Amino acid sequence: MDWGLIDRYAKSLIKEAGHKIRLSFFDQIHIDSKSNANDLVTNIDKEIEQFFIKQIQTSFPGHKILGEEGFGDEINSLNGTIWIVDPIDGTMNFVHQKRNFAISLGIYQDGVGILGYIYDVIRDELYSAKKGEGAYVNDERLPKLEEDSIQEAIIGINARWVAPNRYIDHEKLLGLIQHCRGTRSYGSAALELAYVSSGKLSAYVSMRLSPWDIAGGKVIAQEVGAVATNLEGEPPSLLGPEPFIVAREGLHHELLTKYIVQKR
Ligand code: IPD
Ligand code: CA
Ligand code: CA
């Protein structure tokens, strides 16, 4: 497999898709909801996913595609070459703020993440990584992450997980909120993964993320030494929704043992 060629192709596809998204601001956007009233989708999410699928199928007919909006293949195993795409991660931000959203793409070979991309469309910042060759934001190499203590950590977390919920002991999480330096919530899991990888956040936690939210970011995170797992400390399955944590190594261990404790 010529991964260098696939890398160049994927980057140009993402840039073209980003351009289409920016142009869409000049048109009327149609907004719908999916699983609930706050789970938004627009015609642009669907059009961009279809754009990716058409291009990938034409150029790499043997590859499979998993897309959030369901225009790709039905994926029950990670065998083969799979492109996992979220055409707009942070649709609520796209609709309400016209910023703080990203295109997320991960390309996996038999379950191993080879290429990862997160494109902040408005800032024109492309986070990318190729397994074993480091991670970049545009042409700038991202340094390996250094250890961070809870006291110095900025944690990416949505306030909903600090309220009582069915996944974790929220009282323990309150301890983390009190002890860490600060918390942030950006509303795009992909961007939050990019921020952990580039040192803007020390960790990011969510109780329910889908494969397309994390597939690209996981490859990037690994290249800078961040650890991305479910709450059992295992690699995400990438076959369905799961709790997710990504953090610098020591912090990841401390968070999972002291503060983010699953309900049994
Ligand atoms: C969502 C965003 C959000 C996260 C949700 C995701 P979408 O993706 O990443 O930050 O909290 O769980 O579903 O629906 O905007 O692609
Ligand atoms: Ca998403
Ligand atoms: Ca999406």
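Keep in mind it's a predicted model, so treat the numbers as computed, not measured. (Residues numbered from 1 in each chain as written. Chains lettered and ligands numbered in written order. Predicted model: local features only at pLDDT ≥ 70, side-chain atom pairs only at ≥ 80, totals over all residues. Heavy atoms only, no water.)

**Examining the coordination of the calcium ion (ligand 2)**
In step 1: Listed as protein donors to the calcium ion (ligand 2) are Asp-86 (OD), Asp-89 (OD) and Asp-213 (OD); their distances from the metal cover 2.1 to 2.2 Å.
In step 2: Motif for the calcium ion (ligand 2), donor spacing along one chain: D-x2-D-x123-D.
In step 3: The two metals, the calcium ion (ligand 2) and the calcium ion (ligand 3), are separated by 3.7 Å and share Asp-86 as a common coordinating residue. For the pair Asp-86 and Asp-89, one class covers both residues: buried. (Donors = N, O, S within 2.8 Å, 3.2 Å for Na, K, Ca; no water. Buried < 20%, exposed > 50% of the residue type's maximum accessible area, 1.4 Å probe, protein only.)

**So, the domain arrangement of the chain**
In step 1: As assigned here, the chain comprises domain 1 (3-141) and domain 2 (150-259).
In step 2: One C-alpha centre belongs to domain 1, the other to domain 2; they are set 21 Å apart.
In step 3: Listed by partner, the interface residues are 37 residues for domain 1 and 25 residues for domain 2.
In step 4: Interface area, domain 1 with domain 2, both sides summed: about 2,200 Å², of which 65% is carbon and sulfur. (Domains from an automatic or database assignment. Contact = heavy atoms within 4.5 Å. Buried area = accessible area lost by both parts, 1.4 Å probe.)

**Points about the nonpolar core**
In step 1: Ranked by size, the top nonpolar core spans 36 residues in total, and within it Ile-84, Ile-118, Tyr-127, Leu-193, Tyr-204, Phe-244 and Val-246 carry the most contacts.
In step 2: Residues in contact with Tyr-204, not counting those within four places in the same chain, are Gly-156, Ala-189, Glu-192, Val-196, Leu-209, Phe-244, Ile-245 and Val-246.
In step 3: Residues Tyr-9, Ala-17, Phe-51 and Val-121 belong to the second largest nonpolar core, which totals 33 residues. (Core = buried A, V, L, I, M, F, W, Y, C linked by side-chain atoms within 4.5 Å.)

**Considering the pairing of strand β12 (residues 203-209)**
Consecutive residues of a regular strand have side chains that alternate between opposite faces of the sheet.
In step 1: The element β12 is extensively covered by neighbouring structure, given that six of its seven residues are classed as buried.
In step 2: Where β12 lies against strand β14 (residues 242-248), five bridges are found, and the strand directions are antiparallel. By the bridge assignment, Leu-209 is partnered in β14 with Glu-242. (Helix = DSSP H or I, 4+ residues; strand = E, 2+ residues; numbered from the N terminus. Pairing = 2+ DSSP bridges.)

**Some points on the coordination of the calcium ion (ligand 3)**
In step 1: Looking at the metal site, the calcium ion (ligand 3) is ligated by Glu-68 (OE), Asp-86 (OD) and Ile-88 (O), spaced 2.2 to 2.3 Å from it.
In step 2: All donors of the calcium ion (ligand 3) belong to a single chain; written as a sequence motif, their spacing is E-x17-D-x1-I.

**A closer look at the pattern of salt bridges**
Working definition: two side chains of opposite charge can pair if their charged atoms are close together.
In step 1: A complete count under the given rule lists nine salt bridges for this structure.
In step 2: When the shortest N-O distance is used, the salt bridge between Lys-11 and Asp-7 registers 3.4 Å. Note that Lys-11 and Asp-7 are positioned in helix α1 (residues 3-24) at a spacing of four residues, about one turn of the helix.
In step 3: We classify Asp-7 as buried; its relative accessible area is 14%.
In step 4: Measuring nitrogen to oxygen at the nearest pair gives 3.2 Å for the salt bridge that ties Lys-34 to Glu-68. Separated by 34 residues along the polypeptide, Lys-34 in the loop between β1 (31-33) and β2 (40-42) and Glu-68 in the loop between β3 (64-67) and β4 (81-89) bring together distant segments of the chain.
In step 5: By sharing partners, the salt bridges in this structure join Lys-34, Glu-68 and Glu-69 into a single network. (Salt bridge = Lys/Arg side-chain N within 4 Å of Asp/Glu carboxyl O.)

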